[in-house]
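The residues making up each chain are set out below.
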Amino acid sequence: MSLLAVLDEAVAALRAPLGEDDRTQGWTDDLRREVQEEISINCSVLRRHGMGMVRHLRPRFDEWMEHEGVRTGRLRDLAADVQRSLVEAQAMM
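Residues numbered from 1 in each chain as written. Predicted model: local features only at pLDDT ≥ 70, side-chain atom pairs only at ≥ 80, totals over all residues. Heavy atoms only, no water.

(A) Representation of the packing of helix 1 (residues 3-15) against helix 3 (residues 29-49) within the structure. Between helix 1 and helix 3, whose axes approach to 9 Å, the crossing angle comes to 150°. On the basis of their axis angle, the class for helix 1 and helix 3 is roughly antiparallel. Both helix 1 and helix 3 take part in a crossing whose hand is left-handed. Taking contact as the criterion, the partners of Leu3, Leu4, Leu7, Asp8, Ala10, Val11, Leu14 and Arg15 in helix 1 are, on helix 3, Arg32, Val35, Gln36, Ile39, Ser40, Asn42, Cys43, Leu46 and Arg47. (Axes fitted to C-alpha atoms, helices over the stretch in contact; angles between N-to-C directions. Helix = DSSP H or I, 4+ residues; strand = E, 2+ residues; numbered from the N terminus. Parallel < 35°, antiparallel > 145°, perpendicular 65-115°, else oblique. Left-handed = near helix turned anticlockwise from the far one by under 90°. Contact = heavy atoms within 4.5 Å.)

(B) Focus on the packing of aromatic side chains. Under the definition given, this model contains 1 aromatic pair. Ring geometry for Phe61 versus Trp64: centroids 6.1 Å apart, planes at 15°, classification stacked. Separated by 3 residues within a single helix, Phe61 and Trp64 lie in helix 4 (residues 61-68), roughly one turn from each other. Given a relative accessible area of 22%, Trp64 falls into the partly exposed group. (Phe/Tyr/Trp six-rings, centres within 6.5 Å; stacked < 30°, edge-to-face > 60°. Buried < 20%, exposed > 50% of the residue type's maximum accessible area, 1.4 Å probe, protein only.)

(C) Spotlight on the pattern of salt bridges. Summed over the entire model, instances satisfying the criterion amount to 7 salt bridges. Between Arg74 and Asp22 there is a salt bridge whose closest N-O contact spans 2.6 Å. Of this pair, Arg74 sits in helix 5 (residues 74-92) while Asp22 is found in helix 2 (residues 20-24), placing the two residues 52 residues apart along the sequence. On the basis of relative accessibility, which here comes to 45%, the residue Arg74 falls in the partly exposed class. Linking Asp29 and Arg23 is a salt bridge whose minimum nitrogen-to-oxygen distance equals 3.2 Å. We classify Asp29 as partly exposed; its relative accessible area is 29%. Arg23 sits in the partly exposed class, given a relative accessible area of 38%. (Salt bridge = Lys/Arg side-chain N within 4 Å of Asp/Glu carboxyl O.)

See the structure below:
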């Protein structure tokens with residue numbers, strides 16, 4: 001799956017309302033919107049300026065999730081997948 005497809009999928013998933021499981025894992029509506037916005041901005045940068053811009057992105061979703069106290073689950077796994085995809089794309093540049 002391409003990097004932009006991973007980012008688009010994450011943005012779409014984060015636009016959906018939180019489920020009870022998500023809230024139990026530590027997600028709030030504000031956090032969901034902030035993470036969705038950050039991923040959306042990264043996606044927009046890559047679309048507008050090209051994939052070479054990936055080297056300038058600093059994905060730190062793991063630190064963010066840790067700081068917010070979010071436990072393992074569907075959305076944290078999604079954020080981790082976005083971070084992993086961005087780091088892999090940076091390594092290829």
